[in-house]
Amino acid sequence: MEYAHGRRQFLKSTALAAPLIASVAREALAQVPGDRPVRPKSAEVLNPRERVPVSFIIDDSTCLVNLNKFAMPQFDAAFEGANATYHRNWREWSDEIPDDFVRKFGSWCGEHGVKGKYSIVPYPACVGRLDRELPGWSPRDLQSSLELVRTLMTPNWDIHPEMVTHTRVIDLRTGHPFPDRSLKFMENWEWTTGRSTDEIADYLRYALTILKNVGLNCEGITTPGGFGTRALPQLAQASLVALRDIFGTEIPHYFRHLYDEGTESVAPRVEYASGLDGADPRCVVSIIACTGDWTGGWDNSPPEGVDRFITADGSRGRLVDVIRRGEPACLLAHWTGIWFNGEETGFRVFQEVVHRLHQRFDHLEWMKLAEIARYWAARELTRIESTDKPNVMRLTAPFSCPGFTVRFDRRTEEAPRLLNSASPQGLALSEVASSRSLRSGTWRREGNGAVLCWDLAKGINTVLL
Ligand SMILES: [Zn+2]
């Protein structure tokens, strides 16, 4: 969310910056990884199907309400009018981002294989709770808008709360905003500072429950603005317990961090892993975006444009850099600017980005954030061991994972065979010539080794090379 320089770059522009960046970066980096299994050097888990995951992260979306029209004056008041960032012409903005546009956007993305995350702010800017009433719209409007999300969006998009209102903090005892309007009681700013994991988890549970009440399932949460900036360990743990409690989520994830330039890794971080060998393995995955919002922004600011993502010839741009190093490329945008008061400026920028990506690369895999989180949890937490037989490897997986791809530094002449709970009789993998044809149930030769791809089952997976 939303400061002059956008969500995650806030830190760069304030005097607080330097020590805080260092401490936040250090803390974010040193987030507690938890348990990790041993691994032989002869086995390496690769990207899913040897493709680079890409995903589209959309913030500030919800049903019908053009969130930031209503949020802007609340942000301005929180700064007592002293922050020019919030002196925008919000009164001229449309109240609504219509379902017709959601349908147009969702259909276009479906046709182009795009997947990602789509926030549904549960009580947008205190306008109304989606599971109660949305003043300004009829109950039927609200129901059909929710139905559209359930039917058109959820197949390809994770649904996240962000958090409850994206503006004022709700007093969970009354269901109303706290009377105090200062930054200490604004979700984007200081409320989480000094709060315990339990307090933050209670707040996340409240947000998640509203979405559950309207028939939406969540496997992750998105932090609004600087929510959690000075409470990162508590935020990570609160995400883990709240998503498990409300939705029984096996692998919770959260979206808080972004690096829009440089060499900092943007690979997901698997945190607080524990109980890997037991009946209830746990972890939480931090998903990291690799771009700023260069589409239309949270506040309808002129887009920085397609070239920052990828140039027309596909040779340069932030996405090109990240894809080249084989890390997941999660790009960020805000629904406000995608719609851009009906000019659809951000949508057009995004459409061109997709065209250029598909022209330039033939090894991308569009994935929901939950799918990326699951792959990275399996990648980092599956134990891989040699056995007393040289051509037999045993993998012990706390989590199942489709399209699990491993390179074994062992030559094999025969088609490798796989035994697990899904294939107790054994499954012979079929050989393909190149990584472009790799999919679950296949393998390919590579140098003195072999790359295998299969649907990893939870528990023991035995590989006969
Ligand atoms: Zn936001």
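Residues numbered from 1 in each chain as written. Predicted model: local features only at pLDDT ≥ 70, side-chain atom pairs only at ≥ 80, totals over all residues. Heavy atoms only, no water.

1. A short note on the packing of helix α3 (residues 99-111) against helix α4 (residues 139-153)
Turning to step 1, where the next piece is worked out: In contact at an axis separation of 11 Å, α3 and α4 are set at 5° when each is read in the N-to-C sense. On the basis of the axis angle, α3 is roughly parallel to α4. Facing α3, whose interface residues are Asp 99, Val 102, Arg 103, Phe 105, Gly 106 and Ser 107, α4 presents Asp 141, Ser 144, Ser 145, Leu 148, Leu 152 and Met 153.
Turning to step 2, where the next piece is worked out: Classifying every residue of the contact of α3 with α4 by side-chain character gives five nonpolar, four polar and three charged. (Axes fitted to C-alpha atoms, helices over the stretch in contact; angles between N-to-C directions. Helix = DSSP H or I, 4+ residues; strand = E, 2+ residues; numbered from the N terminus. Parallel < 35°, antiparallel > 145°, perpendicular 65-115°, else oblique. Contact = heavy atoms within 4.5 Å. Nonpolar A, V, L, I, M, F, W, Y, C, P; charged D, E, K, R; others polar.)

2. What about the sheet that holds strand β16 (residues 417-420)?
Turning to step 1, where the next piece is worked out: Taking strand neighbours across the sheet as the criterion, the five strands line up as β13-β14-β21-β16-β17 in an open arrangement whose pairing is antiparallel. With one partner strand each, in any of the chains shown, β13 (383-386) and β17 (423-428) form the two edges of the open sheet. Adjacent strand axes in the sheet meet at a mean angle of 20°, parallel and antiparallel pairs treated alike. (Pairing = 2+ DSSP bridges.)

3. Structural notes on the side chain of Ser 42
Turning to step 1, where the next piece is worked out: You can see Ser 42 is positioned in the loop between α1 (17-29) and β1 (43-45).
Turning to step 2, where the next piece is worked out: Each residue touching Ser 42, except ones within four places of it in the same chain, is listed here: Met 393, Arg 407, Phe 408, Asp 409 and Arg 410.

4. Looking at the domain arrangement of the protein chain
Turning to step 1, where the next piece is worked out: As assigned here, the protein chain comprises domain 1 (7-30 + 52-258 + 290-362) and domain 2 (383-464).
Turning to step 2, where the next piece is worked out: Relative to domain 2, the C-alpha centre of domain 1 lies at a distance of 38 Å. (Domains from an automatic or database assignment.)

5. Examining the coordination of the zinc ion
Turning to step 1, where the next piece is worked out: For the zinc ion, the full set of protein donor atoms is Asp 60 (OD), Glu 162 (OE) and His 166 (NE2), and the range of their distances to it is 1.9 to 2.2 Å.
Turning to step 2, where the next piece is worked out: Sequence spacing of the donor residues for the zinc ion, all on one chain, is D-x101-E-x3-H. Taken as a pair, Asp 60 in the loop between β2 (52-59) and α2 (67-78) and Glu 162 in the loop between β4 (157-160) and β5 (170-171) lie far apart in primary sequence, 102 residues in all.
Turning to step 3, where the next piece is worked out: On the basis of relative accessible area, Asp 60 is assigned to the buried category, the value being 1%. (Donors = N, O, S within 2.8 Å, 3.2 Å for Na, K, Ca; no water. Buried < 20%, exposed > 50% of the residue type's maximum accessible area, 1.4 Å probe, protein only.)

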